[in-house]
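For reference, the chains in residue letters:
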Amino acid sequence: MRNAVGVVVALVLLLFGANLVLYTVTEVEQVVVTQFGEPVEVNTEPGLYLKLPDPIQKTTFFDRRLLDYDSNPDPIYTKDKKTLIIDNYARWRIVDALTFMQALRTVDEALARLDDVIYSELRKELGQHDLSEVVATNRQAIMDSVRARANLAAKVYGIEVLDVRIKRADLPPENEQAVYNRMRAERAREAKAYRSEGEEEALKIRAATDLEAATIAAEAYERAQGIRGQGDAEALAIYAAAYRNATGFYQFTRTLEAYEKSLQENTVLVQPADTEFFRHLKGR
């Protein structure tokens, strides 16, 4: 029984002693070992490591993963004297644990310093661009420039800034209505210009179409008149040939036409009965 208790006590002491001189680094960690406050070793690879017992040597763990920085909305002035309320964020990580510990020591201190660095770079960069560039046309290039300069400024703290983005860019409430009214006026002016151009083009198309239609109608009328004249000439030629071969029939038909035009209802003609006009009305 005493031997068992002794074994347990020995194991406990052994584990306690091992905890004092051994430490583990995981895949997402990096460790700075200090001896009486002075750094002696930095371990970034995962594994089991040996050190002197505390308080001779102490270990400080830092995260190797990407970390988030999210700022509070702050006003920034653009090149064209517009005020924007910018809400931005960044992705960063600790790349030099020793420099980071010596310069900042904690992540909270790092976030405070990043806030100063990124806001400063944003303010300088956006001050060189108009509102339209920041909001729509050139945002990617602006953010790339801010990230590069913020990363350069953060290197002295053992930090790498991988990305900077604007989550939201708002106008101050007192400026929103004026900007919206100006945007509406600009859009209305553009729409009016487009309508004017469309009406002008429509008039050109209608004029060209009317001219083409008039030309086609004139050509068709001229052709129709030519065909009609040719037909009339052919008909007259046929009539002339027919009447030339039958002069008596021609005289008879012409007389009937004269009767039709002269002898209307209630018409009275006073002529001798033996006149040539009544020749076809008299019986043989």
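Thresholds, definitions, all that
- Residues numbered from 1 in each chain as written.
- Predicted model: local features only at pLDDT ≥ 70, side-chain atom pairs only at ≥ 80, totals over all residues.
- Heavy atoms only, no water.
- Helix = DSSP H or I, 4+ residues; strand = E, 2+ residues; numbered from the N terminus.
- Buried < 20%, exposed > 50% of the residue type's maximum accessible area, 1.4 Å probe, protein only.
- Contact = heavy atoms within 4.5 Å.
- Areas by Shrake-Rupley, 256 points an atom, 1.4 Å probe, with all protein chains shown as cover.
- Axes fitted to C-alpha atoms, helices over the stretch in contact; angles between N-to-C directions.
- Parallel < 35°, antiparallel > 145°, perpendicular 65-115°, else oblique.
- Left-handed = near helix turned anticlockwise from the far one by under 90°.
- Nonpolar A, V, L, I, M, F, W, Y, C, P; charged D, E, K, R; others polar.
- Core = buried A, V, L, I, M, F, W, Y, C linked by side-chain atoms within 4.5 Å.
- Expected span 1.5 Å × (residues − 1).
- Arc of directions from axis to C-beta.

Turning our eyes to something else, we now look at the overall build of the chain. Counting its regular elements, the chain contains 7 helices and 9 strands. Taken over 284 residues, the chain has a buried fraction of 21%. Look at the contacts in the chain between residues 6 or more apart in sequence, and 60% of them connect residues 24 or more apart. Accessible surface for the chain amounts to roughly 20,000 Å². Of this, 56% is attributable to carbon and sulfur atoms.

Our focus in this paragraph is unusual backbone geometry. The phi dihedral of Phe36 is positive, around 55°, even though this residue is not glycine. Secondary-structure assignment places Phe36 in the loop between strand S2 (29-35) and strand S3 (38-43). What makes Phe36 exposed here is its relative accessible area of 64%.

Packing of helix H3 (residues 107-126) against helix H5 (residues 139-154) leaves a shortest axis separation of 9 Å and a crossing angle of 140°. As far as their axial angle goes, H5 and H3 are oblique. Seen along the crossing, H3 lies across H5 with a hand that is right-handed. Between H3 and H5, the residues in contact are Leu114, Val117, Ile118, Glu121, Leu122, Lys124, Glu125 and Leu126 and Ile142, Met143, Ser145, Val146, Arg149, Ala150, Ala153 and Ala154, respectively. Tallied by class, the residues present in the contact of H3 with H5 amount to 11 nonpolar, 1 polar and 4 charged.

Before going further, it helps to examine the nonpolar core. Ranked by internal contacts, the top residues of the largest apolar core, which has 33 residues, are Trp92, Phe100, Leu114, Ile118, Leu122 and Ile159. Residue assignment for this core shows that the elements contributing at least two residues are strand S6 (67-70), strand S8 (83-94), helix H2 (97-103), H3, helix H4 (131-137), H5 and strand S9 (159-170). By residue number, the principal contributor to this core is H3, which donates 6 residues. Counting residues in each nonpolar core, the second largest holds 5 residues, with Tyr23, Val25, Val31 and Val33 among its members.

This next bit is on H5. Its 16 residues place the ends of H5 22 Å apart at the C-alpha level, agreeing with the 22 Å of an ideal helix rising 1.5 Å per residue. Regarding H5, the residues found buried are Ile142, Met143, Val146, Ala150, Asn151 and Ala154. Here the buried residues of H5 occupy an arc of 160° about the axis, which is enough to place them on one side. For H5, the secondary structure elements touched by its buried residues are H3, H4 and S9.

Topologically, Gln57 is positioned in strand S5 (residues 57-63). Apart from the residues lying within four places of it in its own chain, the contact partners of Gln57 are Val33, Thr34, Gln35, Val40, Lys51 and Leu52.

Nothing here speaks to function; it is all geometry.
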